[in-house]
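# Reading the structure
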Amino acid sequence: MLSTLPRLIGHRGAKESAPENTLASIREAARQGASWVELDVMLTRDGRPVIIHDDTLDRTTTGRGPVPLLDLEALRQLDAGSWFDPRFADERVPALEEAVELIRDLGLSLNLEIKPYPGQDVATAEAALAVLRRLWPAGRPLLLSSFEVPSLEVARDLWPEIPRGYLIWKEPADWAAIADRVGAATINVNHEWQTPETVAAYRATGRPVLAYTVNDAERARTMFAWGVTGVFTDAPGRLAAELAGEPN
Ligand code: G3P
Ligand code: MG
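Residues numbered from 1 in each chain as written. Chains lettered and ligands numbered in written order. Predicted model: local features only at pLDDT ≥ 70, side-chain atom pairs only at ≥ 80, totals over all residues.

Going by what an unreviewed UniProt entry lists, the chain is known as Glycerophosphoryl diester phosphodiesterase and is assigned to Azospirillum doebereinerae.

### Some words on the overall build of the chain
Per the secondary structure count, the chain includes 9 helices and 9 strands. Across its three principal axes, the chain shows a C-alpha extent of roughly 45 × 40 × 35 Å. (Helix = DSSP H or I, 4+ residues; strand = E, 2+ residues; numbered from the N terminus.)

### Quick word on the UniProt feature "domain: GP-PDE" (unreviewed entry) in the chain
UniProt feature "domain: GP-PDE" (unreviewed entry): in the numbering of this structure it lies at residues 6-243. In residues 6-243, helix accounts for 34% and strand for 18%; the two terminal C-alpha atoms are 13 Å from one another. (UniProt positions renumbered as here; feature names shortened; annotations may be inferred.)

### Focus on the nonpolar core
Core analysis: the largest hydrophobic core is formed by 68 residues, its most contacted members being V37, A128, A211 and V231. Broken down by element, the residue count for this core peaks at 6 residues, all from strand β2 (residues 36-43). Setting aside residues up to four positions removed in sequence, V231 forms contacts with L8, H191, L210, A211, V214, A220 and M223. (Core = buried A, V, L, I, M, F, W, Y, C linked by C-beta atoms within 7 Å. Buried ≥ 20, exposed ≤ 12 C-beta atoms within 10 Å, placed from the backbone. Contact = placed C-beta atoms within 7 Å.)

### Re the site of ligand 1
Close contacts around ligand 1 come from H11, E38, D40, H53, E113, S145, L167, N188, Y212, T213 and F232, and that covers them all. Looking at the shell around ligand 1 residue by residue, the classes come out as 3 nonpolar, 5 polar and 3 charged. (Near = placed C-beta within 6 Å. Nonpolar A, V, L, I, M, F, W, Y, C, P; charged D, E, K, R; others polar.)

### Brief notes about helix α5 (residues 149-158)
For α5, the full list of buried residues reads S151, L152, V154 and A155. Within α5, the buried residues cover an arc of 155° as seen down the axis, which keeps them to one side. Residues of α5 that are buried in the fold lie against β4 (109-114), α4 (121-135), β5 (142-146), β6 (164-168) and α6 (175-182). (Arc of directions from axis to C-beta.)

### Things to note about α4
Spanning 15 residues, α4 covers 22 Å between terminal C-alpha atoms, matching the ideal 21 Å at 1.5 Å per step. Within α4, burial applies to D121, T124, A125, A127, A128, L129 and L132. Of the surrounding elements, those touching the buried residues of α4 are β2, β3 (49-51), α3 (96-106), β4, β5 and α5. (Expected span 1.5 Å × (residues − 1).)

### Considering unusual backbone geometry
Residue T213 is reached from Y212 by a cis peptide bond, and omega for that bond is -25°. Its place among the elements puts T213 in the loop between β8 (209-212) and α8 (217-226). Phi at R12 takes a positive value of approximately 55°, unusual for a residue other than glycine. Residue position: R12 is located in the loop between β1 (8-11) and α1 (23-31). By C-beta crowding, R12 is classed as buried, having 26 other C-beta atoms within 10 Å. A positive phi is found at N21, a non-glycine position, where the angle reads about 60°. Since 30 C-beta atoms lie within 10 Å of it, N21 is described here as buried.

Shown next, in the form of structure tokens:
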């Protein structure tokens, strides 16, 4: 289980300052002092796990169309940084292996969000876990999360020792039963839907709550006051500076 959780987790690396889900974004999160990063993982046509958020290439690369239309080699030709700023033109969509090796070298902890293309819930979890089993340093905190319950069930069955975060956008009526079934260690929620009562209800199950995506210090203070343990933020350095010295 997780012995510690941070107050701030770099969302897609440090998305405010670098192109999300790239090696540059991971380095930037570390430079800003983040101890944890969150990244999204999806499969290529040839079944390779890569770090990307959207189902399609259009927004964050020079490619077009669904991510699983391309093999890793073709995906690697695309520029995944210019859309953010021309100085990031050399950034590529990272293979999960590369991202894990960099995170390992930087001494960061990881929340890997299993973000399957529709219909690939099981295969994406299996492929991501195979890489992590091979490369993740023993003893370094790792949290696997997903909005997709079948992906969490694969993680539970294949590598039960690694904690799982149950990601909720708008909560289903049976969220507590699902959290129990997948053996969730954390409940990861959209901050916009929260009230003191919703956070209290999640915490009443004995699980810490993480909230996404909080880029405003005042909102982070409110979340912490309501009992949220940590927030995902696009700006880990800025938020850390704005919250410096304040008790949790
Ligand atoms: O894992 C927290 C957050 O990343 C979930 O939403 O859409 O940003 O992946 P999204
Ligand atoms: Mg995510």
